[in-house]
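One letter stands for each residue in the lines below.
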Amino acid sequence: MNYEKTSTGIQFNEPLLWEKSVKNRSKDLFIESDVKDFNIEDSLIENGLNLPELSELDVVRHFTRLSQLNFSIDSNFYPLGSCTMKYNPKINESIASLDGFTFSHPLIKEKYVQGCLHVMYHMQEILKTLTGLDAATLQPAAGAHGEFTGMLLIHKFNKVKGLKKTKIIIPDSAHGTNPASAAICGFSPISVKSNENGIIDASSIEKIMDENVAGIIITNPNTLGFFEENLKEIAEIIHSKDGLVYCDGANLNAILGIVNFKKMGVDILHINLHKTFATPHGGGGPGAGPLCVRDILEPYLPKPIIKKKKEKFVLDYNRPDSIGKIHSFYGNFNIIIRAYCYILSMGKDNIKKIAQMSVLNANYIKEKLKPYFKLSYDRNCMHECVFNDELQRKNGITTMDIAKKLIDFGIHPPTVYFPLIVKNALMIEPTETESKQTLDIFIDAMKKIAKLAEENPEELKTAPQLSRTKRVDEVLAARKPILKG
Ligand SMILES: *Cc1c(COP(=O)(O)O)cnc(C)c1O
């Protein structure tokens, strides 16, 4: 085996600091106590300060090595479909670390934090312009939190209008958070099937739409990587019975600067700043899922909204119909700064290129790999493409084997077994930030895997061979993770 050199770097087995500790190494740090029967080390231990005894260099190496056990977008290609793992420009980090931002406090009076309010106000305005919608809140902390907020808005809208509605329509290609968000707000999710092209027909909505339906949550582009072409017609059907259209805009980078959501009939839309606008995510770090809405829902948005009055930025809490607060203060402010920097550094004219490049990259991969892996829907895609393991099955190779082997090439596996409507899905999203050279390395690795499936399936069944941790029992690893050493 001789895979790309990038994937065979030295990997350390890192013991715990406790295991590396050398008893009495720090003994000489403390002077002898002149109090009878008092030993300072014992006293520290008794007071819960039992620390491992290590040199500074031991500690530095330990944490540096731990940091290298992480796979990240800064180490290699990370084509996780439906997650948009794009490059996080370092300029965003520098600007978010400026003292004016990091030393600010959410309780400081408005007049002393005009710079911070400027960022939030303009971010609201930019998101409104980009989506074509009328109002925005920056508070939701993630996509799912945006969905939850959107469901609260629909609930409030119905309450004010005296409408009693209990159901939310959700396409079968939906992200798992969609039905969960509807259910957590007390709505019953009802599923609708996608057609043979992987999108929703207006006629199938027509069939299930009735007075009890509060609205639809529809992802566009959807999780199969296709544009929901019939959304305008679907929206008309939903609106005709006083329903509202919620669009899950987590995958906005495929249509950024190209599509006007208001014209498509969308009433509420969330945007994942941690996907579309290049802010870091993964590992449970903070995200941001701002919500944009049509004017009829503006009064219900969470408070405060940042407004501009006579050239000054102010926090508007005077919102009697608001659903209240859904995050402490104003949301994850530091993430908002990063996204704002990204948008400004792109500039108005380049925003569209984000979408064009992400679509081009996904289609490039799709076309190059089409002869080797079975495409679930053989048509032009948006920002991601979905294969499955049909061609490799005859040799006993599954999606999981393919994904695991990519680790030996130093590449993070794509999303697997999602979306659920594709059997054994392998969902690839390259993003617009990867170069053709990187895409070619990935394509080459995938071709080698297709060849191994024919010639040496055993090597795939036992992959990865080069990583520190080999094949694990997925279920056991999720239920009983071993977090030691
Ligand atoms: C990622 C994603 C979500 C959830 O976003 P989080 O920020 O992880 O809560 C919802 N819908 C779609 C389509 C997504 O891709």
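For the structure, check the block above.
Now for a quick tour of the structure.

Before going further, it helps to spend a moment on the packing of aromatic side chains. How two aromatic rings sit relative to each other is set out by the distance from centre to centre and by the angle between their planes. Per the stated rule, a full pass over the model turns up seven aromatic pairs. A centroid spacing of 5.3 Å and a plane angle of 45° characterise the contact between Y121 and F313, whose relative ring orientation is tilted. One end of the pair, Y121, is in helix α6 (residues 114–131); the other, F313, is in strand β9 (residues 312–316), with 192 residues separating them in the sequence. Taking relative accessible area as the criterion, Y121 reaches 15% and is therefore assigned buried. Relative to Y377, the ring of F226 lies with its centre 5.7 Å away and its plane at 80°, an arrangement referred to as edge-to-face. Of this pair, F226 sits in the loop between β4 (213–219) and α10 (231–240) while Y377 sits in the loop between β10 (374–375) and β11 (385–388); the two residues are 151 residues apart in sequence, bridging distant segments of the chain. The class for Y377 is buried, based on a relative accessible area of 18%. Directly above the aromatic system of F226 lies the positively charged group of R379, at a separation of 4.5 Å from the ring centroid.

Around the ligand, a shell composed of 14 residues is seen, among which G143, A144, D248, H274 and K275 lie nearest. Between N272 and the ligand, the recorded distance is 3.1 Å, taken from a side-chain N or O atom to an oxygen atom. Contact with the protein chains hides 86% of the accessible area of the ligand, taken as 380 Å² for the molecule alone. Residue assignment for the shell around the ligand shows that the elements contributing at least two residues are α7 (143–161) and α11 (273–276). With three residues, the single largest contributor to the shell around the ligand is α7. Class assignment for the residues of the shell around the ligand results in three nonpolar, eight polar and three charged.

Moving on, we come to the pattern of salt bridges. This structure, assessed with the given rule, holds 27 salt bridges. One salt bridge connects D58 with R25, and the closest N-O pair in it is separated by 2.9 Å. With D58 in helix α3 (residues 56–68) and R25 in the loop between α1 (17–20) and α2 (40–46), this pair connects stretches of sequence that are 33 residues apart. For R25, a relative accessible area of 40% translates into the label partly exposed. A salt bridge links D316 to K307; the shortest N-O distance between them is 2.9 Å.

An ideal rise of 1.5 Å per residue puts 20 Å on 14 residues; helix α12 (residues 333–346) measures up with 20 Å between its terminal C-alpha atoms. Across the 14 residues that make up α12, a large majority, 10, are buried. Taken as a whole, α12 has its buried residues at F333, I335, I336, I337, R338, A339, Y340, C341, Y342 and I343. Phi turns positive, to about 80°, at G347, one or two residues after α12.

Attention now moves to the sheet that holds strand β3 (residues 188–192). Spatially, β1-β7-β6-β5-β4-β2-β3 is the arrangement adopted by the seven strands of the open sheet, whose pairing is mixed. Every interior strand has two partners, whereas the edge strands, β1 (135–137) and β3, have only one. Sheet twist, expressed as the average angle between the axes of neighbouring strands with direction ignored, equals 25°. Judged from the five bridges that link them, β4 and strand β5 (residues 244–249) form a sheet pairing that is parallel. Note that in β5 the partner of I216 across the bridge is V245.

Burial analysis of β9 places four of its five residues in the buried class, the great majority of the element. Between strand β8 (residues 305–309) and β9, which follow one another and run antiparallel, lie two residues, and K310 among them has a positive phi close to 45°.

Basis of the calculations
Residues numbered from 1 in each chain as written. Predicted model: local features only at pLDDT ≥ 70, side-chain atom pairs only at ≥ 80, totals over all residues. Heavy atoms only, no water. Phe/Tyr/Trp six-rings, centres within 6.5 Å; stacked < 30°, edge-to-face > 60°. Helix = DSSP H or I, 4+ residues; strand = E, 2+ residues; numbered from the N terminus. Buried < 20%, exposed > 50% of the residue type's maximum accessible area, 1.4 Å probe, protein only. Lys NZ or Arg CZ within 6 Å of the ring centre and 35° of its normal. Near = heavy atom within 4 Å. Polar contact = N/O pair within 3.5 Å; in protein donor to acceptor, adjacent residues only side chain to side chain. Areas by Shrake-Rupley, 256 points an atom, 1.4 Å probe, with all protein chains shown as cover. Nonpolar A, V, L, I, M, F, W, Y, C, P; charged D, E, K, R; others polar. Salt bridge = Lys/Arg side-chain N within 4 Å of Asp/Glu carboxyl O. Expected span 1.5 Å × (residues − 1). Pairing = 2+ DSSP bridges. Axes fitted to C-alpha atoms, helices over the stretch in contact; angles between N-to-C directions.

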